Amino acid sequence: MNRIRQVWAEGRSAVVGWLHIPSAFSAEIMARAGYDGLVIDIQHGAASFHEAHEMFRAIELGGAEPLARVSANDPGEIMKLLDYGCYGVICPMIETGEEAAAFAASLHYPPQGRRSYGPRRPAQRYGAAYVEMASQSIVSFAMIETQLGLVNLDQILAVEGYDGVFIGPADLALALGHPPKPDPDAPVVVEAIRHIRERAHAMGKKVGLFCADGAYARARIAEGFDLVSIAPDSALLAAGAQASLAAARG
Ligand code: 3PY
Ligand code: MG
């Protein structure tokens, strides 16, 4: 079973890491740290498709579920990533019910969706029965991070065929006239995040949030978020390097 679905089935919230660095080696190190899943950020990270493919394999080897935040709501990109070992898709900037429906269609084989058949790596993991379990083998989130996404939230949430919404706090803050800060404290942004969480749950959808600080993420889990991402690999590397250098220099 998909490790994120397993966590949900056990009544827990998933904690995932975030990868900007285009390296299978560092992805494997991150996976072995024990995250439920790792998200390769194709939108704002450095990985090419080929590098992402190698990283998916390293993440799986390391025991975490391989996921990706795609660069756009592009069926070709989404289907290709699914064919090469991505078991969770986070799609940025969803703003209407039509966009959410197009996203959902990319995730499923007919008759539910319009995914094209060619599961090169999932067929290795799941064998010939993959086609029957394909939909269950992935998790999916539409990102809410714009004014229009907020306005059309209920219309987006009413679409079937994807698991939940994922909040991008930096873009959401920009949309609401605030600096693009992770772990936001501006009341209007905090209120928008609460509103999205409550509407998502009221309409039977999961809700996830991009976080930086682990303690901040823990507080959001206590509020009921079903999935949180924490500090990206690039930030962890910078923090570790700075601390080590500071200790050496005194
Ligand atoms: C945002 O905060 O806008 C995101 O998309 C998270 O990377
Ligand atoms: Mg964003």
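Refer to the preceding data block for the structure.
These lines cover the structure that appears in this document, whether it is placed above or below. (Residues numbered from 1 in each chain as written. Chains lettered and ligands numbered in written order. Predicted model: local features only at pLDDT ≥ 70, side-chain atom pairs only at ≥ 80, totals over all residues. Heavy atoms only, no water.)

## Points about the site of ligand 1
Inference 1: Arg 69, Met 143, Glu 145, Gly 168, Pro 169, Ala 170, Asp 171 and Phe 210 make up every residue found near ligand 1.
Inference 2: For ligand 1, an oxygen atom lies 3.0 Å from a polar atom in the side chain of Glu 145.
Inference 3: Between ligand 1 and Pro 169, the relevant distance is 3.1 Å, taken from an oxygen atom to a main-chain nitrogen or oxygen of the residue.
Inference 4: Protein contact buries 92% of the 230 Å² of open area that ligand 1 shows by itself.
Inference 5: With 3 residues, helix H10 (residues 169–175) is the largest single contributor of residues to the shell around ligand 1.
Inference 6: Looking at the shell around ligand 1 residue by residue, the class counts come to 4 nonpolar, 1 polar and 3 charged. (Near = heavy atom within 4 Å. Polar contact = N/O pair within 3.5 Å; in protein donor to acceptor, adjacent residues only side chain to side chain. Areas by Shrake-Rupley, 256 points an atom, 1.4 Å probe, with all protein chains shown as cover. Helix = DSSP H or I, 4+ residues; strand = E, 2+ residues; numbered from the N terminus. Nonpolar A, V, L, I, M, F, W, Y, C, P; charged D, E, K, R; others polar.)

## Here's the deal with unusual backbone geometry
Inference 1: Along the chain, Pro 110 connects to Pro 111 via a cis peptide bond; the corresponding omega equals 10 degrees.
Inference 2: Structurally, Pro 111 is set in the loop between helix H5 (97–107) and helix H6 (122–126).
Inference 3: Although it is not a glycine, Asp 183 adopts a positive phi angle of roughly 50 degrees.
Inference 4: Residue position: Asp 183 is located in the loop between H10 and helix H11 (187–202).

## Things to note about the coordination of the magnesium ion (ligand 2)
Inference 1: For the magnesium ion (ligand 2), every protein donor is listed as Glu 145 (OE) and Asp 171 (OD), and the spread of their distances is 2.0 to 2.2 Å. Of the two residues, Glu 145 is situated in the loop between strand S5 (139–144) and helix H8 (147–151) and Asp 171 in helix H10; the sequence distance between them amounts to 26 residues.
Inference 2: On the accessibility criterion, Glu 145 (2% relative accessible area) is buried.
Inference 3: Residue classification places Asp 171 among the partly exposed residues on the basis of a relative accessible area of 24%. (Donors = N, O, S within 2.8 Å, 3.2 Å for Na, K, Ca; no water. Buried < 20%, exposed > 50% of the residue type's maximum accessible area, 1.4 Å probe, protein only.)

## What to know about the sheet that holds strand S3 (residues 65–69)
Inference 1: What the 8 strands build is a closed barrel, ordered S1-S2-S3-S4-S5-S6-S7-S8; its pairing is parallel. Each adjacent strand pair in this sheet contributes to an overall mean axis angle of 25 degrees, direction not counted.
Inference 2: Judged from the 4 bridges that link them, S5 and strand S6 (residues 164–167) form a sheet pairing that is parallel. Looking across to S6, one finds that Met 143 is bridged to Phe 166.
Inference 3: Packing of helix H13 (residues 233–249) onto the sheet brings it into contact with strand S1 (14–19) and strand S8 (227–232), and relative to S8 it is tilted by some 45 degrees. (Pairing = 2+ DSSP bridges. Axes fitted to C-alpha atoms, helices over the stretch in contact; angles between N-to-C directions. Contact = heavy atoms within 4.5 Å.)

## Some details on the packing of aromatic side chains
Inference 1: Enumeration according to the criterion identifies 10 aromatic pairs in this entry.
Inference 2: Between Trp 18 and Phe 166 the ring centres are 5.9 Å apart and the planes differ by 10 degrees, which places this aromatic pair in the stacked class. You can see Trp 18 sitting in strand S1 and its partner Phe 166 sitting in strand S6, a full 148 residues away along the chain. Like Trp 18, the residue Phe 166 is buried in the burial classification.
Inference 3: The interplanar angle of 55 degrees and the centroid separation of 6.1 Å between the aromatic rings of Phe 103 and Tyr 162 together place this pair among those described as tilted. (Phe/Tyr/Trp six-rings, centres within 6.5 Å; stacked < 30°, edge-to-face > 60°.)

## Some details on the side chain of Ser 229
Inference 1: With respect to the helices, strands and loops of the structure, Ser 229 is situated in strand S8.
Inference 2: Ignoring sequence-local partners within four residues, the contact set of Ser 229 consists of Val 16, Trp 18, Phe 166, Leu 209, Phe 210 and Cys 211.

## Looking at the pattern of salt bridges
Inference 1: Tallying each qualifying case throughout the model produces 16 salt bridges.
Inference 2: Between Glu 10 and Arg 12 there is a salt bridge, with its nearest N and O atoms 2.7 Å apart.
Inference 3: Taking the relative accessible area as the measure of exposure, Arg 12 reaches 43% and is therefore partly exposed.
Inference 4: Connected via shared salt-bridge partners are Arg 3, Glu 60, Glu 65, Arg 121 and Arg 125. (Salt bridge = Lys/Arg side-chain N within 4 Å of Asp/Glu carboxyl O.)

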